[in-house]
Structure formats: structure tokens, C-alpha cells
Amino acid sequence: SKARSNLAEMEDLFYDLGSFAVDDPSMEGMSLQDTIKAVKPNILIGLSGVGGLFTDEVLTTMNENCATPPVIFPLSNPTSRSECTAEQAQRCTGGRAIFASGSPFPHCEVDGKILSSSQCNNRYIFPGLALGAALGQTGVVTNAMINRAAEALVELIDEDDLTRRATFPEKADIREISCHLACRTFEQAVEEGIKPANKQMLEAYQHGGEEELREYIYSKMWYPDYRPLVYLPPGKGE
């Protein structure tokens with residue numbers, strides 16, 4: 001709350017924290033479980049680095065006070081620091097949780113159904129976002145470009161992913177994801193009036209739209225194809 005004596009010092013670590021602090025000091029010092037009972041959140045994000053912080057009691061309380069499937073994101077790494085496990089989250093919520101974690105956990109089976117334990121990892125966003133900006137030579141990465149990349153990732157989630165309650169596209173190849181995000185990032189830059197220095201990429205987009213833009217992006221990706229290091233005369237080694 002705004003009544004916290006060290007709020008100003010905490011803003012050194014958490015930018016603009018005062019804007020999010022509530023005026024009501026009555027919740028100051030309240031336990032996590034009691035806070036959930038009072039606030040009734042529908043999402044619980046763990047960034048504490050404290051392993052096991054989301055206890056069975058906390059997760060059960062979260063489930064009891066959430067009309068919609070509770071979103072449980074224990075994002076701390078490594079596994080020993082994770083606020084809870086995937087199995088724990090699904091067990092305490094009766095298989096209702098939408099789960100993603102910073103550390104990898106095996107998928108869970110609840111009532112004969114496999115529920116995805118997605119790993120929330122920057123490998124999805126960063127490569128595509130950087131590829132679109134660097135290849136396009138946009139000179140800047142705007143907030144709108146970052147948001148567009150995040151929205152583009154959601155576009156790749158299919159019905160099977162939703163059925164398994166996956167929070168990220170699990171079937172898409174990482175190259176496909178990176179190309180799709182790079183395409184959307186570049187499109188956003190153009191829509192914002194940014195003049196990309198890569199005229200060839202811009203011409204591909206203006207001439208053939210999204211299809212030709214994707215072909216250009218794929219053509220500029222690195223593929224690990226190596227020539228043989230040892231010469232073998234024809235017929236030898238066959």
C-alpha cells in the first residue's frame with residue numbers, strides 16, 4: 001500500500017510502483033492466502049524466487065475464490081525456486097488451472113485428460129521480435145511492435161493447444177514462430193510510419209504482401225548446412 005515506509009526505496013527495483021500501490025493500508029502485512037480471499041484475483045504470478053511459496057492452501061483458496069479457471073504462473077527459476085509445480089497446481093484446482101512456469105514441468109493427467117504444463121520462455125518472443133526489427137533495419141523497437149509480436153504469438157495457438165490448456169503454441173516449429181512474429185513486427189513498424197532501411201524487405205512487402213514478406217524472411221534465416229570436411233573420392237565410402 002502507499003502507507004509502506006520503504007515504498008520509495010522499492011521503486012529502485014520496481015519502476016513506478018507507487019502508481020500500483022493502493023491507498024487502503026488495511027491489507028498491509030496480510031498473508032498471501034488472506035490477500036487472495038480479500039481480492040479474489042483470477043491470476044497468480046510468481047516472481048519471488050521463493051520455492052513452494054504457492055502452497056496447497058494458497059492454490060486451493062485461489063481455486064475457491066475464482067469463478068473462471070485460475071491462471072497460475074510460477075515463473076521463478078530454477079525448478080527448486082519455482083513457487084509450485086504443475087502437478088500441485090492442477091491437483092489443488094481440480095484440473096482447472098491454466099498453468100505456465102519458468103522452469104519445465106511434465107504435463108499432467110487429470111481425469112484421463114492430458115493438461116499442458118507450458119514453459120513461459122522468452123525463446124518465443126525475442127527471436128522473432130529481434131529478427132523483424134534487425135532484418136528490417138527499423139532503427140527502433142516501439143512498444144507497439146513489442147505488443148504486436150506478443151499478439152502474433154497467440155495467433156499460432158490452435159484448438160488442440162486450447163483443449164490441452166496450453167498457453168503457447170506447442171505444435172508450431174520455432175522457425176515458423178520466429179518468421180510469423182518477424183512479419184508482424186515489420187508490418188507494425190510500417191504501419192507506424194517508420195521508414196525501414198532495408199528497402200528490399202519493404203519492396204517485398206509492398207509487392208507481394210504478407211506471403212512475399214515471409215518468403216524474404218525465410219530466405220535470410222541461417223540454416224546449419226555444412227559441407228563435408230573430409231574429401232572422399234567418387235565411389236569411396238558408398
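Residues numbered from 1 in each chain as written. Predicted model: local features only at pLDDT ≥ 70, side-chain atom pairs only at ≥ 80, totals over all residues. Heavy atoms only, no water.

Student: When you look at helix 7 (residues 143-155) in this model, what are you seeing that I'm missing?
Tutor: Because each turn of an α-helix spans 3.6 residues, side chains separated by three or four positions end up pointing in the same direction. In a regular helix each residue adds 1.5 Å, so 13 residues correspond to 18 Å; helix 7 covers 19 Å between its end C-alpha atoms and thus fits that length. Structurally, helix 7 contributes buried residues whose contacts are with helix 6 (126-136) and helix 9 (174-191). (Helix = DSSP H or I, 4+ residues; strand = E, 2+ residues; numbered from the N terminus. Expected span 1.5 Å × (residues − 1). Contact = heavy atoms within 4.5 Å.)

Student: I'm lost on the pairing of strand 3 (residues 98-101) in this one. Help?
Tutor: Walk down a regular strand and you will see the side chains alternate between the two sheet faces. Across two bridges, strand 2 (residues 71-74) lies against strand 3 in parallel orientation. Bridge pairing links Val 71 to Ile 98 in strand 3. Regarding topology, helix 5 (residues 86-92) serves as the crossover connection from strand 2 to the parallel strand 3, and that connection is right-handed. Here strand 3 runs beside strand 6 (residues 118-119); their pairing, made up of two bridges, is parallel. Bridging from a neighbouring strand, Ala 100 pairs with Ser 118 of strand 6. (Pairing = 2+ DSSP bridges. Right-handed = clockwise from strand over helix to strand, strands pointing away.)

Student: Where do I start with helix 10 (residues 199-219) in this structure?
Tutor: The terminal C-alpha atoms of helix 10, which comprises 21 residues, lie only 15 Å apart, well short of the 30 Å expected from a rise of 1.5 Å per residue. Along helix 10, the largest kink reaches about 140° and is centred on Gly 208. Every buried residue belonging to helix 10 is among Met 201, Leu 202, Ala 204, Leu 213, Arg 214, Tyr 216 and Ile 217, and all of these are buried. Looking at the packing, one finds that the buried side of helix 10 touches helix 6 and helix 9. The backbone nitrogen of Gln 200 has a side-chain oxygen 3.2 Å away, supplied by the residue at the start of helix 10, namely Asn 198. (Bend = angle between axes of the 7 residues up to and from the residue. Buried < 20%, exposed > 50% of the residue type's maximum accessible area, 1.4 Å probe, protein only. Polar contact = N/O pair within 3.5 Å; in protein donor to acceptor, adjacent residues only side chain to side chain.)

Student: Where do I start with the state of the cysteines in this structure?
Tutor: Each disulfide is one covalent bond, formed between the sulfur atoms of two cysteines. Scanning the model with the defined rule gives zero disulfides in all. Cysteine Cys 120 is unpaired, with the sulfur of Cys 84 as its nearest cysteine sulfur at 13 Å. A residue is classified by how much of its surface remains accessible, and Cys 120, at 32% relative accessible area, is partly exposed. Distance from the sulfur of Cys 183, which forms no disulfide, to the nearest cysteine sulfur (Cys 179) is 6.5 Å. Under the relative-accessibility criterion, Cys 183 is labelled buried at 0%. (Disulfide = S-S within 2.5 Å.)

Student: Looking at this structure, I do not really get the sheet that holds strand 1 (residues 43-46). What am I missing?
Tutor: One key point about sheets: their strands pair by backbone hydrogen bonds, in either a parallel or an antiparallel sense. An order of 1-2-3-6 is seen for the four strands of this open sheet, with the pairing classed as parallel. Edge strands, defined here as strands with exactly one partner in the open sheet, are strand 1 and strand 6.

Student: I would appreciate a short explanation of the environment of Ala 89 in the present structure.
Tutor: Within the secondary structure, Ala 89 is located in helix 5. A residue is classified by how much of its surface remains accessible, and Ala 89, at 0% relative accessible area, is buried. It is 39 Å that separates the C-alpha atoms of Ala 89 and Tyr 223, two residues lying 134 residues apart in sequence. Residues contacting Ala 89, with those up to four places away along its chain left out, are Leu 59, Ile 72, Cys 84, Ala 97 and Phe 99.

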